[in-house]
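Residue-level structure breakdown
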Amino acid sequence: ALGISPATTAITLVALGTSLPDTLASRMAAQEDENADNAIGNITGSNSVNVFLGLGLPWSLAALHWNSAGITEEWKDRRWQGQRYEDLYLAKYPGGGFIVPSGSLTVSVSVFAVCATLCLIL
C-alpha cells in the first residue's frame, strides 16, 4: 500500500526490535541513577553488540558460504555496475568467494558516520 519493499520493511522492524529496548533501558538508567554512568555503559555496550554481531556475523556467514560453495552459476551471474562477476573477478579469484566490490559501501558508511556524528553532538 505504501510502496515500501519487503526488504526495507524487514530491516526497519529488525532495527526497531533491537534498538528500542536498549533505548528504553538507557532512558530508565539515566532517570533513576544519580549519574549517567549506567546509561552510557548501556549505550556503548548495545552499539558494540549491534555493530559486531549485526555486521560481523552476517559477513562471516556469507564468507563461509561462498568459500564452501565455490564457483556456482549464481556467483557467476551476480552483477556489479552491469557486469557479471564471472567477467570481473573469475581471473583474479578462480575459487570464487564472498566479494564486496569497492565503492559499494560508500553510502552506508557515509550515513552511519553522519548519524554517529549527530548523536555525539546532540
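Before reading on, note that the structure itself is shown above.
Residues numbered from 1 in each chain as written. Predicted model: local features only at pLDDT ≥ 70, side-chain atom pairs only at ≥ 80, totals over all residues. Heavy atoms only, no water.

What follows is about the overall build of the protein chain. Helices and strands together make up the secondary structure of the protein chain, namely 5 helices and 2 strands. Reading the secondary structure of the protein chain in the N-to-C direction produces α-α-α-β-β-α-α. Whereas a compact globule of 122 residues would reach a radius of gyration of roughly 14 Å, the protein chain reaches 20 Å, over 25% beyond that. Expressed as a percentage of the 122 residues in the protein chain, the buried residues total 12%. (Helix = DSSP H or I, 4+ residues; strand = E, 2+ residues; numbered from the N terminus. Rg over C-alpha atoms; globule rule 2.2 N^0.38 Å. Buried < 20%, exposed > 50% of the residue type's maximum accessible area, 1.4 Å probe, protein only.)

What follows concerns the pattern of salt bridges. Under the criterion given, the structure shown has 4 salt bridges. Residue R78 pairs with E74 through a salt bridge whose shortest N-O separation is 3.7 Å. On the basis of relative accessibility, which here comes to 35%, the residue R78 falls in the partly exposed class. In this structure, the salt-bridge partner of E86 is R84, at a minimum N-O distance of 2.9 Å. (Salt bridge = Lys/Arg side-chain N within 4 Å of Asp/Glu carboxyl O.)

Glancing now at the side chain of K76. Inspection of the secondary structure puts K76 in helix 3 (residues 73-77). Sequence-distant contacts of K76, defined by excluding residues within four places in its chain, comprise I71, R84, Y85 and E86. (Contact = heavy atoms within 4.5 Å.)

Okay, the packing of aromatic side chains next. Inspection of every chain in the model, using the stated rule, returns 4 aromatic pairs. Arranged with centres 5.7 Å apart and planes meeting at 75°, the rings of W75 and Y85 form a pair that is edge-to-face. Highlighted residues: W75 in helix 3 and Y85 in helix 4 (residues 85-89), separated in sequence by 10 residues. Neither residue differs from the other here; W75 and Y85 are each classed as buried. Through pairs of rings, three or more aromatic residues link up here, namely W75, Y85, Y89 and Y93. (Phe/Tyr/Trp six-rings, centres within 6.5 Å; stacked < 30°, edge-to-face > 60°.)

What follows is about the nonpolar core. Grouped together as the largest cluster of nonpolar side chains are 5 residues: W66, W75, Y85, Y89 and I99. What Y89 contacts, discounting residues up to four positions off in sequence, is W75, W80, I99 and P101. (Core = buried A, V, L, I, M, F, W, Y, C linked by side-chain atoms within 4.5 Å.)

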